[in-house]
Amino acid sequence: MNKKLFIPLVAATALAACQPTTETAEDRFIDQLLSQMTLEEKIGQMNQLNFDQPLDTVKAQVRRGEIGSMLNIPVDIINEVQRTAMEESRLGIPLIIGRDVIHGYKTVFPIPLGQAASFNPQVVEDGGRVAAIEATSQGMRWTFAPMLDVSRDARWGRIAESLGEDPYLAAELGAAMVRGFQGDSLNDPTSMAACAKHFVGYGASEGGRDYNSTQIPLRSLRNVYLPPFQRAIETGAATVMTSFNDNDGVPSSCNDFLLRTVLRDEWRFDGFVVSDWNSMGEMMAHGVAADRKDVARLSANAGLDMEMVSYTYMDYLPELVAEGAVPMEHIDQAVRNILRIKYRLGLFDNPYIDTDKPSPLYAEEHLQKARTAATQSAILLKNDGVLPLKTSQTVAIIGPMADAPHDQLGTWSFDGEQSHTVTPLKALQTEYKQVKYHYEPGLRYSRDTNTDRFQAVKRAVRQSDVAVVFVGEEAILSGEAHSLSNINLIGKQSDLLQAVKSVGKPVVMVVMAGRPLTIERDLPYADAVLYSFHPGTMGGPAILDLLFGRENPSGKLPVTFVREVGQIPMYYNHHNTGRPAQDWFTPIDQIPLNAQQTSLGNTSFYLDSGRDPLFPFGYGLSYTRFEYANLRLSDTVASPTGVITATATIKNVGTTDGTEVVQLYVRDLVGSIARPVRELKGFQRVHLKAGESKAVTFTLPVQDLAFYGKDLVKKVEPGKFHLWIAPNSAEGLQSEFRVK
Ligand code: GLC
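It should be emphasised that the depicted structure is a prediction, and the values quoted were computed from it without experimental measurement.

1. Brief notes about the overall build of the protein chain
Then, in step 1: Per the secondary structure count, the protein chain includes 20 helices and 26 strands.
Then, in step 2: Its C-alpha atoms give the protein chain principal-axis dimensions of about 80 × 60 × 55 Å.
Then, in step 3: By sequence separation, contacts in the protein chain at least 24 residues apart represent 76% of the contacts at least 6 residues apart.
Then, in step 4: Accessible area of the protein chain: about 27600 Å², with a carbon and sulfur share of 49%.

Below, the structure is given as structure tokens:
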């Protein structure tokens, strides 16, 4: 405990001892500290700076109590700056140090979209725990993750960072990430405060163009975009970050409905809210704040506790408080929220990096967990029998992503080191030495248009039994500010694939990307397709284990794969519309000449690409096959407070052991508003030996069917429901029940 705070703590404890109160030690500590703070010191706590000034400048600001948090501070000076805060500022309040540790610190896991494909909360929690152990050993006690933006638009670069298109999956896996980051107790030195971001609706940026406006009506906000955040808060997420977008004209960083009504009044959130990078300052560009003073006024009154880098609180809150434009109570509440998290993290007692501890970076256990995550995150989209490969086969290793150590890590791998990446080529050379191979990338990087090496590629393929073509996206092509209007394989990768196929050998396409790409045109040239959303440090061994059958693919799509970018937005949990398309349509090149106006049917589909995506949410193949049979429900009528159990028998009818992600979907057939044609309400990873069958049961509380209806009140509405136990969102065994 810092000596400066020892007296007030003793006073607080003594005072507490003589009066019965429900106040906690935490409350007393915060009250005592707050009562000693000047207005400037309070505002200093609300100020987060990036480390982009000379060290002496930073230390002088810290000494004056002008900084409450820093991000991106070099590890080797964290203790020095923290010591300045603890020992040279008047009150000795520790800084909280933040960093974007999104999917790993040094040991990089698959990007969150990849982790979501595992449908495995334990894998996601393990990833958060590994990231926290590594990052906290370097002084980061706060990460700006999980990113919980429901994302239905593959043009949006940040879909890479999301947990996909489904609110339930994002909620389940986001909660797992929070548990991983925060551990059993926030004050454990290996615990890192989580940050549920970007609050809210950022994934619905119009046109998939980053930072663009969103138009999310309140019912959709309540039923689709808010639930993952509510789940994260219920799981104990310590902080929340506001999003860049204006929703229906209101920027999130001054949206008091979100920050006060929803977050505080409804969800009883008691952590703190931080803006995104200059998202407050950008309210002037939005045309909502007239100047920086207006920015400070709007955000402080809306309930935004900490300002990331735009510095308007420091510059204007003193006079805004003096003028009465910002009540002192708003300042005090913001500072309480910040001090509360610092207290819970144990920073007042233990603010420094323990440099005597052995380094946990790249621990073997961490690498193994990253390998497991990459293995379970890969999705087998097609296999005409060419997979699994045999180690006796001679393999042509082709493509720009076969040995791309930087790009394999994906976006937001700030601290990952490509020198530690094990690429597929490196894994072949180290763990599959018995395999004969010919390596010819053909293209130097994903955007490369130089086809000079294509003849060399064909020679390599001619000398081999099978070709594996590694294509996809460089890491820079997804992530923040990296939206695409064309999501085909970029450069000459499709040409490369066709050149390989022209030789006449079996071809496997492995895609490493940050988003679902439109690969329909490539499928005819690939006898098998394995999709791996930038798989991280251990992606190479994981992919080879899958290709050679040491592991059986089990990943399922957390996001819809469209046929054409023009189909976007297309997602599985859509409304039926008044004119749902049928499952057949006249292909555009078969429409007769002089066709009559209504001859093609007036329903909701595309003349050129129909109604359906290329691959639906929840889709993924295995080296074996699973049969679903005998769906039975505990009841056909349920009370609104009851529980429905649904059971189906899943059988592995193949010759290979495998894991199936069994999914539970429901549909509310009639509601006070139109309801999705399917909603995921449960999933289980079920391992089955060859020939084994298992009864898989889901227990569904009827309250899980509640939604915000026409009157914007959340409740279960009576009526008929369909229920599926399914391998994906487009198939499955169907039954029905009724809620009284
Ligand atoms: C960025 C991102 C946000 C990130 C923050 C700090 O602009 O929008 O996700 O955590 O700034 O780097």
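Next, the rest of the story.
2. So, the state of the cysteines
What we call a disulfide is simply a covalent bond connecting the sulfur atoms of a pair of cysteines.
Then, in step 1: Applying the stated criterion across every chain yields a total of 0 disulfides.
Then, in step 2: Here cysteine 195 is not cross-linked by a disulfide; its sulfur's nearest cysteine counterpart is in cysteine 254, at 18 Å.
Then, in step 3: Looking at cysteine 254, the relative accessible area reads 11%, which means it is buried.

3. Considering the site of the ligand
Then, in step 1: Around the ligand, 13 residues are found, and the nearest of them are Asp100, Arg158, Lys197, His198 and Asp276.
Then, in step 2: Separating an oxygen atom of the ligand from a side-chain N or O atom of glutamate 480 is a distance of 3.0 Å.
Then, in step 3: Bound to the protein, the ligand loses 94% of the 310 Å² it would expose on its own.

4. Let's talk about the pairing of strand β5 (residues 195-199)
Then, in step 1: Among the 5 residues that make up β5, 5 are buried, leaving the element largely enclosed by the rest of the structure.
Then, in step 2: Both β5 and strand β6 (residues 239-242) contribute to a ladder of 3 bridges, which runs parallel. Each residue of the ladder has a partner; that of cysteine 195, found in β6, is threonine 239.

5. Side note on the sheet that holds strand β13 (residues 437-440)
Then, in step 1: An order of β11-β16-β15-β14-β12-β13 is seen for the 6 strands of this open sheet, with the pairing classed as mixed. Sheet topology places β11 (379-383) and β13 at the edges, where each strand pairs with a single neighbour. Sheet twist, expressed as the mean angle between neighbouring strand axes with direction ignored, is 15°.
Then, in step 2: Summarising the sheet, strand β15 (residues 507-513) and strand β16 (residues 528-533) pair through 6 bridges and their orientation is parallel. Within the sheet, the bridge partner assigned to valine 508 lies in β16 and is alanine 528.

6. Some thoughts on helix α9 (residues 218-225)
Every α-helix winds through 3.6 residues per turn, so residues three or four apart in the chain are directed the same way.
Then, in step 1: Buried residues of α9: Leu221, Arg222, Val224 and Tyr225, and no others.
Then, in step 2: On its buried side, α9 packs onto α8 (167-182), α10 (227-234), β7 (246-247), α11 (256-266) and β23 (707-708).

7. Section: the pattern of salt bridges
Then, in step 1: Under the criterion given, the structure shown has 44 salt bridges.
Then, in step 2: A salt bridge links arginine 90 to glutamate 41; the shortest N-O distance between them is 2.7 Å. Here arginine 90 is found in the loop between α5 (75-88) and β3 (96-99), whereas its partner glutamate 41 is found in helix α3 (residues 39-45), with 49 residues between them in sequence.
Then, in step 3: Salt bridges linked by common partners bring Asp100, Arg158, Glu161, Lys197 and Glu480 together as one network.

8. Brief notes about the packing of α11 against helix α13 (residues 292-302)
Then, in step 1: At a closest axis distance of 8 Å, the pairing of α11 and α13 adopts a crossing angle of 15°. With respect to their mutual orientation, α11 and α13 come out roughly parallel. Helix-helix and strand crossings are classified by hand; for α11 and α13 the assignment is right-handed. Taking contact as the criterion, the partners of Asp256, Leu259 and Arg260 in α11 are, on α13, Ala300, Asn301 and Ala302.
Then, in step 2: Among the residues forming the contact of α11 with α13, the class breakdown is 3 nonpolar, 1 polar and 2 charged.

About the criteria used
- Residues numbered from 1 in each chain as written.
- Predicted model: local features only at pLDDT ≥ 70, side-chain atom pairs only at ≥ 80, totals over all residues.
- Heavy atoms only, no water.
- Helix = DSSP H or I, 4+ residues; strand = E, 2+ residues; numbered from the N terminus.
- Contact = heavy atoms within 4.5 Å.
- Areas by Shrake-Rupley, 256 points an atom, 1.4 Å probe, with all protein chains shown as cover.
- Disulfide = S-S within 2.5 Å.
- Buried < 20%, exposed > 50% of the residue type's maximum accessible area, 1.4 Å probe, protein only.
- Near = heavy atom within 4 Å.
- Polar contact = N/O pair within 3.5 Å; in protein donor to acceptor, adjacent residues only side chain to side chain.
- Pairing = 2+ DSSP bridges.
- Axes fitted to C-alpha atoms, helices over the stretch in contact; angles between N-to-C directions.
- Salt bridge = Lys/Arg side-chain N within 4 Å of Asp/Glu carboxyl O.
- Parallel < 35°, antiparallel > 145°, perpendicular 65-115°, else oblique.
- Left-handed = near helix turned anticlockwise from the far one by under 90°.
- Nonpolar A, V, L, I, M, F, W, Y, C, P; charged D, E, K, R; others polar.

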